[in-house]
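# Tertiary structure, described
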Amino acid sequence: MEKLIVTAAVVGAELTREDTPHLPLTPGEIAEEARRACEAGASVVHLHARDPDGRPTQDRDTYRKIVERVRERCNAIVQVSTGGAVGMTAEERLQPVELRPEMASLTAGTVNFGDEVFFNPRELMVRFAEAMKVHGVKPEIEIFDAGMVANAIWLERKGHVVAPLHFDFVLGVPGALPASLKNLLHLVETIPSGSTWSVAGIGPHQLPMAATAVLLGGHARVGLEDNVYYRKGELARGNAPLVERGVRLARELGREVAEPAEARAILGLD
Ligand code: KMH
Ligand code: ZN
């Protein structure tokens, strides 16, 4: 099996300090949190941005500050979000791609997201994918529901995304595909051969989904964006403990963990 890529999703768009006091908000805090995650073994950091009041923003200059500070501190692959927060316009969401990060998320369809709807019609997906091509950014195709894989295959057939594709299965969002072994196996079997994949289980599903990825030869996303608890009733004291546990788990199961350079090779990044 190839080495395990651990992605740390360090901040997200939905959480507040009321959910966890360990949530980073300023560019400096986000970068420090990314550094700790990298030192714990993450080779990809999935980034969101917050405005000075802690609200989610896709502001290019805020992302620039975050990305610069992360790069000063560690060599991890920087992956910006183009999902942003539910309700943002396509223009808002696309801004960080102009910074030419190595990767950006690309959600492959519209999905219920709790009480809201995360809107990603074909026109938006095509626009985002083409912008990523122009700026030399590798998409991580976010799959929240089973039908999204067909959308991704359509994007590839039309030439908007280029193989080998990299998928992230985000399982357990209320209103979307539940986090179960059967669902994960179905998705793994459905993506084009030669693709790479990771899984991000939401809440209590983070640990079992990461463990399953280790065993199946996929990759794992952990971090506060998806889960604020270390175990039931006990908040994770930041992202690093969640990364450390994933790394420990992989080593116990005989799977080595990729350094950033190795993750770049696995993902086909220059
Ligand atoms: N905040 C969610 C609505 C992504 O980063 O691309 C979307 C999200 C996915 O977090
Ligand atoms: Zn995200």
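For the structure itself, look to the data block above.
Residues numbered from 1 in each chain as written. Chains lettered and ligands numbered in written order. Predicted model: local features only at pLDDT ≥ 70, side-chain atom pairs only at ≥ 80, totals over all residues. Heavy atoms only, no water.

### Considerations on the side chain of Ser195
Applied cut-off: Counting from the N terminus, the helices are the DSSP runs of H or I reaching at least four residues and the strands are the DSSP runs of E reaching at least two. In what follows, residue pairs with any heavy atoms lying within 4.5 Å of each other are defined as contacts.
Secondary-structure assignment places Ser195 in the loop between α6 (181–190) and β11 (196–201). Leaving out residues up to four positions away in the same chain, Ser195 has contacts with Leu165 and Phe167.

### Considerations on the side chain of Arg50
Which entries qualify depends on this criterion: Each residue's exposure class comes from its accessible area (1.4 Å probe, protein chains only) as a fraction of the maximum for that residue type: buried when under 20%, exposed when over 50%, partly exposed otherwise. We treat Lys and Arg as the positive residues and Asp and Glu as the negative residues; His and chain ends play no part in the count. The term salt bridge refers to a side-chain nitrogen of Lys or Arg lying within 4 Å of a carboxyl oxygen of Asp or Glu. A 3.5 Å cut-off defines polar contacts: any pair of N or O atoms within that distance qualifies, except that in protein one atom must be a possible hydrogen donor and the other a possible acceptor, and neighbouring residues in sequence count only when both atoms are side-chain atoms.
Mapped onto the elements, Arg50 comes out in strand β3 (residues 49–50). For the buried Arg50, no salt bridge exists, and the shortest N-O distance to an oppositely charged side chain is 6.6 Å, to Glu14. Separated by 3.0 Å, the side chain of Arg50 and the backbone oxygen of Gly12 make a polar contact. Among the polar contacts made by the side chain of Arg50, one reaches the main-chain carbonyl oxygen of Gly54 at a distance of 2.8 Å. Discounting chain neighbours no more than four positions away, the residues touching Arg50 are Val11, Gly12, Ala13, Glu14, Leu15, Leu23, Leu25, Arg55, Pro56, Thr57 and Thr62.

### Regarding the packing of helix α1 (residues 27–40) against helix α8 (residues 240–252)
Cut-off, in case you're wondering: Only the stretch in contact is used when fitting a helix axis, every axis being a line fitted to C-alpha atoms; angles between N-to-C directions are given from 0 to 180 degrees. Roughly parallel means an angle under 35 degrees; roughly antiparallel means over 145; roughly perpendicular covers 65 to 115; every other angle is labelled oblique. The crossing is said to be left-handed when, going from far helix to near helix, the turn is anticlockwise and less than a right angle, and right-handed when the turn is clockwise. For this scheme, ten residues count as nonpolar: Ala, Val, Leu, Ile, Met, Phe, Trp, Tyr, Cys and Pro. Four count as charged, namely Asp, Glu, Lys and Arg, and the remainder, Gly too, count as polar.
Packing of α1 against α8 brings their axes to within 8 Å, and their N-to-C directions diverge by 15°. Relative to α8, α1 is oriented roughly parallel. Considering the relative orientation of α1 and α8, their crossing is right-handed. On the side of α1, the interface is formed by Glu33, Arg36, Ala37 and Ala40, while α8 contributes Ala240, Val243, Glu244 and Val247. Partitioned by chemical class, the residues of the contact of α1 with α8 number five nonpolar, no polar and three charged.

### Notes on the site of ligand 1
The condition that has to hold: For this description, a residue counts as near a given molecule or strand if any of its non-hydrogen atoms is within 4 Å of it.
Inspection of the region around ligand 1 gives Ala13, Glu14, His46, His48, Ser81, Gly83, Gly84, Val86, Ser105, Phe113, Phe118 and Glu225 as its neighbouring residues. The side chain of Glu14 places a nitrogen or oxygen atom 2.8 Å from a nitrogen atom of ligand 1. The contact in question runs from an oxygen atom of ligand 1 to an N or O atom on the side chain of Ser81, over 2.7 Å.

### A look at the environment of Ala261
Secondary-structure assignment places Ala261 in helix α9 (residues 260–267). Exposure remark for Ala261: the relative accessible area of 53% places this residue in the exposed category. Between the C-alpha atom of Ala261 and that of Thr190, which follows or precedes it by 71 residues, the distance is 28 Å.

### Considering the pairing of strand β1 (residues 6–9)
Test applied: The criterion for strand pairing is that DSSP finds at least two bridges linking the strands in question. When the strands point away from the viewer, a crossover counts as right-handed if the route from the first strand across the helix to the second turns clockwise.
With burial as the criterion, each face of β1 is covered, one bearing Val6 and Ala8 and the other bearing Thr7 and Ala9. With three bridges joining them, β1 and strand β12 (residues 219–222) adopt parallel strand pairing. Considered in β12, the bridge of Val6 is made with Ala220. Sheet analysis places β1 next to strand β2 (residues 44–47), joined by three bridges and oriented parallel. Pairing of Thr7 across the sheet is with Val44, part of β2. What joins β1 to β2 is α1, and the crossover it makes is right-handed.

### Things to note about the packing of α6 against helix α7 (residues 206–216)
Viewed as axis vectors pointing N to C, α6 and α7 meet at an angle of 45°, and their least axial separation amounts to 11 Å. For the element pair α6 / α7, the angle class is oblique. Of the two possible hands of crossing, α6 and α7 adopt the one that is right-handed. Contacts from Leu181, Leu184 and Leu185 of α6 reach α7 at Met209, Thr212 and Leu216. Its residues assigned to classes, the contact of α6 with α7 shows five nonpolar, one polar and no charged.

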